[in-house]
Amino acid sequence: MENTKKQREQKKMNALNINEEGITIHGKAGFEGMRKAGKLGAQTLDMITPHVQPGVTTDELDKLCFDFITKNGAIPAPLNYGGEGDRPPFPKSICTSINNVVCHGIPCDKKLMNGDVLNIDVTVIVDGWHGDTSRMFFVGNKPSVMAKRLVTTTYDCMMAGIEQVKPGGSLRDVGRAIQDMAEKARFGVVREFCGHGLGQVFHAAPSVLHYDDPYTTTIFEPGMFFTIEPMINVGTWKTKMLNDKWTAVTKDKKLSAQFEHSLAVTEDGFEIFTLSPKGWTKPPYD
């Protein structure tokens, strides 16, 4: 009798509901899984922070992250991800996007230089759950005034979007809050890339646009999991893709920045899964 009761409870915990929009509504087990995955994702960024120095290559940062993730019993989700059509699988374990690279920069033997701004984007798979997060870094001690203003604004945009998340709220409110803040600072909000649902899959519904879109009608329900990850540019919001089919850069070659958290809609608001255990939010990280 007791075993049957436990089995029913376990089944209830693992139950997944799909709403009319095709968005997965997760239960208790999902929250527990995402807390573990999100924590390891954040710990990976905490670990790599002191290694972001002039003269270090992004390949070296990739290797350090790969070793840390796998030694913790997890899988780096980007490694060999994709490969549809003429787009090759992503060849590395993290994304490293420098200066005018908007997203999906591929680690290589290029050395970081004093004054660079860098985004490191990691996604770890822990027991089948995805923890997806990214942060900005200043390389060395000479970030430009514009770089500091862009990075601070981008972090504030992400948090302004997150603050809109609550049951009964609208996904459109997230995009509106981000766009309003970015454009008040006279920055552009990237349209071609967006946040996404996640959980036991890397990318799922809903698409989380970071600008005000009147066709976005999704209403938040407890148990929805997704990322908010605005990409904010100093100049135009427009981007172009490089020949590697992954690296997106600003069309006008001006700086871009991005922050990302994985989060859930709760009964009374939101829960961020990828907060830094060290309490780090935006650079400089002390």
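Because the structure is a prediction, the values reported are computed rather than measured. (Residues numbered from 1 in each chain as written. Predicted model: local features only at pLDDT ≥ 70, side-chain atom pairs only at ≥ 80, totals over all residues. Heavy atoms only, no water.)

A.B. asks: Report on the environment of Leu-45, specifying residues and quantitative values.
C.D. replies: Within the secondary structure layout, Leu-45 lies in helix α2 (residues 28-48). By relative accessible area, Leu-45 is classed as buried at 0%. Separated by 232 residues in the primary sequence, Leu-45 and Pro-277 have C-alpha atoms spaced 10.0 Å apart. (Helix = DSSP H or I, 4+ residues; strand = E, 2+ residues; numbered from the N terminus. Buried < 20%, exposed > 50% of the residue type's maximum accessible area, 1.4 Å probe, protein only.)

A.B. asks: Describe the sheet that holds strand β14 (residues 248-250), with residues and values.
C.D. replies: Strands sit in the order β5-β14-β13 across an open sheet of three strands; the sheet is antiparallel. Because the sheet does not close on itself, it has two edges, and the strands there are β5 (101-103) and β13 (239-241). Neighbour-to-neighbour, the strand axes of the sheet open up by a mean angle of 40°, direction not taken into account. Sheet topology places β13 next to β14; three bridges connect them, and they run antiparallel. The partner of Lys-240 across the bridge, within β14, is Val-249. (Pairing = 2+ DSSP bridges. Axes fitted to C-alpha atoms, helices over the stretch in contact; angles between N-to-C directions.)

A.B. asks: So what's going on with the sheet that holds strand β12 (residues 231-233)? Which residues, and what values?
C.D. replies: Read from one edge of the open sheet, three strands run β8-β12-β15, paired in antiparallel fashion. Strands at the two margins of the open sheet, each flanked by one partner only, are β8 (188-189) and β15 (256-258). Bridge count between β8 and β12: two bridges; the pairing is antiparallel. Each residue of the ladder has a partner; that of Val-189, found in β12, is Ile-232.

Purely geometric numbers; function is a separate question.
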